[in-house]
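# Working through the structure, step by step
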Amino acid sequence: MVVSGADEMQSVTTTRDGEVLILTIDNPPVNALSWHVRNGIGEEIGKAVADNSVKAIVLICAGRTFIAGADISEMGNPNIPSGLTFLEVFDTFEYADKPIVAAIHGSALGGGFELALVCHYRIAVPSAQLGLPEVKLGLIPGAGGTQRLPRVVGIEQAAIMVSLGEPISAVEGHERGLVDRLAEETSLRADAITFARECIAMGPRSTRNLPVTGNLTAIEKLKEENARKWRGFEAPYVALKCVEFAAGVEDPEDGLQFEREEFVRLREGAQTKAQRHMFFAERQAAKVDGLPKDTPLRDIRRVGVVGADTKGCGIAMNFLQKGIPVTLVEQAQDNLDSGVGLIRRNYEASAAKGRFSAEQAEQILDLLSPSLALEDLSDCDLVIEAVYEEMDVKLEVFAKLDRICKQGAILATNTSYLDVNEIASATSRPQDVLGMHFFSPANVIKLLEVVRGNETSDGALATVMALAKRIGKIAVVAGVCDGFIGNRMFAQLQQAALQLLLEGASLEQIDRAHFVFGMPMGPFRMSDLAGLDVGWHRDPLRVETIRDALCAAGRLGQKNGKGFYDYDERLNGTPSPETLAIIEDFRSRSNLPKREITDEEIIERTLHPMVNEGCLILEEGKAQRTSDIDVVWVHGYGWPAYRGGPMYWGEQVGAGRIAAALEKQGISIAAKLKAMAV
């Protein structure tokens, strides 16, 4: 599904090529099935069916793509003009007594793909993509996709497409019988007209009357394989239920009715509203307030990474996979060899899984230039520092980079907490310095916090935002503050969780409550994963919190096998007697009575302060918009997308309820939260 940028317009036109009518949709930017498009194509198909001189119809789209989906902005909008529904338009196509050929280029997605399915024949250029991504918005196809697709490609492929939401290529579609013919990339229109003339003799062919083939065991296998990924989500399971229904129903009309009822139920539910919120939030995050649209971008041809630990290597891999050469610098040969070995093992493992060939893996590795000399970064257009999280160390590195790197090169720090302005002060070019905070594992997690310093130039910021998209990241602009957006809020969650330990909750209970809420792990396991020493003051004699005590005892998290939990070689965590003793010591000195704490209280006590901190971040201008904070947490920390991010979740809980709960705990309430609570 997509959002159309078109207003009411002449979005559907027709031309003739002898006995073939060519119906063209032109609804920029992606030919969404907006209300005026539905009305237009319904009207034109009706005319064509009534015209005896028309023997076949070609449905084609102008611009860069076929119909890329429905128009999300119309969903739940009471101001949409009346007209033909999706089902009415689709019936007009399916029951037409003349063959209709869908001519596909670009992407045929969602409702656009469903419309292609009701066309009697399909021709596509090899580069075209076909799919049903509704599940990513907490929905299922609502116009026959789960019922017609199994009749064309069988149960297994249909189940995969509707539950995972990933498109397939037209070439694969042709192999599976979904696409009847492949066209030349440059002659789709002419090839479609030729194909339509051939179809006249064959006549119309209804997809709905084909038998469903395949075995239902494929559905159970999909559920098993994706149980972790789908935990808490409704839509994937409903989509599979609809495919299963298609396999068992005698009358296809019953299947279409079942699908429609399930679609409407999901459409009115909380999950799709949250996921649609995230759909728009992700697109908003790419927009930088106050940045001129014509800001010139710098050419990034080579990237340098300083630091070859796990984070540095993960950062490097983002660029290597996109064909961008990387110079990786370390101080010691052993560390450099270890980093290069890690990168090689990652690509060899990916090749073994079939993600690309062994030859492609070697081609990627050929783009990597390991080095022990910072001077080898002199020809890089962007250098990312990923060294130890210590200000003095970073200042030293940036002073050296300032002397070595060419003018115009962007200098970025991967710091999680530290002051980007102070780091920039070590250079003579603060306008070229910013933060690029990657999240671990850096080659997997999509989020990138781009930290704008006080003197960061528009050009540097715009270039990095564009580059983030190029390497497949979802970038969010943050201002300079302790922990930026994500870690600043996580600190509030962690502080509350530590307090709950003193009051009687256990590590396991707190982590379990967050897992049940939908997080991939609880705050203590997450801290162990990130490293307990990240943001620690480094003074083992200054022990003010449980976390300080753990760090002072050398318990730094998964990196050294012991943190809040003890870890084995496979990073399975188990309770630690040493950690429990530290907790009990702090509890005994706190003079707090140990009591029973419910999971509900854990969620409220830990998440409400986060919402409050998010409001403070907005008040201070450290985040551009509320939805940016949600993007950070969904894509950086695994907050469940079906809950829409912490700020969206807070709105559903109610600002008044959150403010009242915080007031009872003696927590200062952000002015923005107070205003929302009124």
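Conventions and cut-offs
- Residues numbered from 1 in each chain as written.
- Predicted model: local features only at pLDDT ≥ 70, side-chain atom pairs only at ≥ 80, totals over all residues.
- Heavy atoms only, no water.
- Helix = DSSP H or I, 4+ residues; strand = E, 2+ residues; numbered from the N terminus.
- Rg over C-alpha atoms; globule rule 2.2 N^0.38 Å.
- Buried < 20%, exposed > 50% of the residue type's maximum accessible area, 1.4 Å probe, protein only.
- Contact = heavy atoms within 4.5 Å.
- Lys, Arg positive; Asp, Glu negative; His and termini not counted.
- Charge placed at Lys NZ, Arg CZ, Asp CG, Glu CD.
- Phe/Tyr/Trp six-rings, centres within 6.5 Å; stacked < 30°, edge-to-face > 60°.
- Polar contact = N/O pair within 3.5 Å; in protein donor to acceptor, adjacent residues only side chain to side chain.
- Pairing = 2+ DSSP bridges.
- Right-handed = clockwise from strand over helix to strand, strands pointing away.
- Axes fitted to C-alpha atoms, helices over the stretch in contact; angles between N-to-C directions.
- Parallel < 35°, antiparallel > 145°, perpendicular 65-115°, else oblique.
- Left-handed = near helix turned anticlockwise from the far one by under 90°.
- Nonpolar A, V, L, I, M, F, W, Y, C, P; charged D, E, K, R; others polar.
- Salt bridge = Lys/Arg side-chain N within 4 Å of Asp/Glu carboxyl O.
- Core = buried A, V, L, I, M, F, W, Y, C linked by side-chain atoms within 4.5 Å.
- Expected span 1.5 Å × (residues − 1).
- Disulfide = S-S within 2.5 Å.

### What about the overall build of the protein?
The number of helices and strands found in the protein is 27 helices and 19 strands. The globule rule puts the C-alpha radius of gyration for 678 residues at 26 Å, and the 28 Å found for the protein is close to it. Across its three principal directions, the C-alpha atoms of the protein cover 90 × 60 × 45 Å. In the protein, which comprises 678 residues, the share counted as buried stands at 56%. Residue pairs at least 24 apart in sequence account for 73% of intrachain contacts in the protein once pairs closer than 6 positions are excluded. Put simply, the protein has 71 plus and 93 minus side-chain charges, and the middle of one group is 1 Å from the middle of the other.

### Focus on the packing of aromatic side chains
Inspection of the entire model under this criterion finds 16 aromatic pairs. Measuring from centroid to centroid gives 4.9 Å for F233 and Y642, while their planes differ by 85°, and the two rings are edge-to-face. Placement of the pair is F233 in the loop between α8 (217–225) and α9 (235–248) and Y642 in the loop between α24 (626–636) and α25 (646–653), with a sequence separation of 409 residues. Residue F233 is classed as partly exposed on the basis of its relative accessible area of 23%. Aromatic side chains W639 and W649 sit 6.0 Å apart centroid to centroid with 70° between the ring planes, which places their arrangement in the edge-to-face category.

### Examining the side chain of S11
Within the secondary structure, S11 sits in the segment before β1 (12–17). Overall, S11 belongs to the buried group, its relative accessible area being 2%. Side chain to side chain, S11 and H36 meet in a polar contact 2.9 Å long. Setting aside chain neighbours within four positions, we find S11 in contact with T24, I25, D26, N27, H36 and V37.

### Side note on the pairing of strand β11 (residues 326–329)
What you see with β11 is no split at all: V326 and L328 on one side and T327 and V329 on the other are buried throughout. Alignment of strand β10 (residues 303–306) against β11, held across four bridges, turns out to be parallel. For V303, the partnering residue across the bridge sits in β11 and is V326. Viewed along the sheet, the connection from β10 through helix α12 (residues 310–320) into β11 turns out right-handed. Alignment of β11 against strand β12 (residues 368–371), held across four bridges, turns out to be parallel. Across the sheet, residue V329 finds its bridge partner in β12, namely S371.

### Concerning the sheet that holds strand β8 (residues 168–169)
The strand order β5-β7-β8 describes an open sheet built from three strands, whose pairing is mixed. Looking along the sheet, the strands with just one partner apiece sit at the ends: β5 (107–109) and β8. Sheet strands in contact with helix α3 (residues 111–118) are β5 and β7 (129–131), and its direction is about 90° off that of β5.

### Focus on the packing of helix α4 (residues 145–153) against helix α5 (residues 155–164)
In contact at an axis separation of 7 Å, α4 and α5 are set at 140° when each is read in the N-to-C sense. In this view, α4 runs oblique relative to α5, as classed from their interaxial angle. Both α4 and α5 take part in a crossing whose hand is right-handed. Only I155, Q157, A158, M161 and V162 of α5 make contact with α4, whose side of the interface consists of T146, L149, P150 and V153. Of the residues contributing to the contact of α4 with α5, the split by class is seven nonpolar, two polar and no charged.

### Regarding the pattern of salt bridges
The final tally for this structure, using the stated rule, is 45 salt bridges. Across the salt bridge formed by D51 and R16, the nearest N and O atoms sit 3.6 Å from each other. Here R16 lies in strand β1 and D51 lies in the loop between α1 (35–50) and β3 (56–61), a separation of 35 residues in the sequence. Its salt-bridge partner being E544, residue R542 comes within 3.2 Å of it at the nearest N-O pair.

### Things to note about the side chain of E449
Within the fold, E449 resides in strand β16 (residues 447–452). No salt bridge is formed by the buried E449; its nearest oppositely charged neighbour, K311, is found at 9.4 Å. Separated by 3.2 Å, the side chain of E449 and the backbone nitrogen of I485 make a polar contact. At a separation of 3.0 Å, a polar atom in the side chain of E449 contacts the main-chain amide nitrogen of G486.

### Section: unusual backbone geometry
Look at the link from P28 to P29: it is a cis peptide, with omega at 5°. Relative to the elements of secondary structure, P29 occurs in the loop between β2 (20–25) and α1. Backbone geometry places R538, a non-glycine residue, at a positive phi of 75°. Mapping R538 onto the fold places it in the loop between α20 (523–530) and α21 (546–552). Of note in the backbone geometry, N591 takes a positive phi value of approximately 60° without being a glycine. Position of N591 relative to the elements: it lies in the loop between α22 (577–590) and α23 (599–619).

### Points about the sheet that holds strand β4 (residues 100–104)
Strand order in this open sheet of six strands is β1-β2-β3-β4-β6-β9, and the pairing throughout is mixed. Looking at the sheet topology across the chains shown, the edges are occupied by β1 and β9 (181–182). Looking at chain direction, strand β6 (residues 121–124) and β9 are connected through two bridges and run parallel. Looking at the pairing, A124 lines up with L182 of β9. The sheet strands contacting α1 are β1, β2, β3 and β4, and the helix crosses β2 at an angle near 175°.

### Here we look at the nonpolar core
Among the nonpolar cores identified, the biggest contains 79 residues, and I41, F93 and L149 are the most heavily contacted of them. The residues touching F93, leaving out its near neighbours within four places in the chain, are I41, I45, L59, I100, L115, V118, C119 and H120. In terms of nonpolar packing, the next biggest core, distinct from the first, is built from 69 residues, F439, M526, V634 and W649 among them.

### Considerations on the environment of L607
When you line up the elements, L607 lands in helix α23. L607 gets classed as buried once you look at its relative accessible area, which sits at 2%. In this structure the C-alpha to C-alpha distance between L607 and K674, which are 67 residues apart in sequence, comes to 17 Å.

### Side note on helix α17 (residues 458–470)
Spanning 13 residues, α17 covers 18 Å between terminal C-alpha atoms, matching the ideal 18 Å at 1.5 Å per step. Turning to α17, its buried residues are G459, A460, L461, A462, T463, V464, M465, L467 and A468. Phi turns positive one or two residues past the end of α17, at G472, with a value near 80°.

### Quick look at the state of the cysteines
Tallied over the entire structure, the rule returns zero disulfides. A disulfide-free cysteine, C199 has its sulfur positioned 11 Å from the sulfur of C119, the nearest such atom. Given a relative accessible area of 0%, C199 falls into the buried group.

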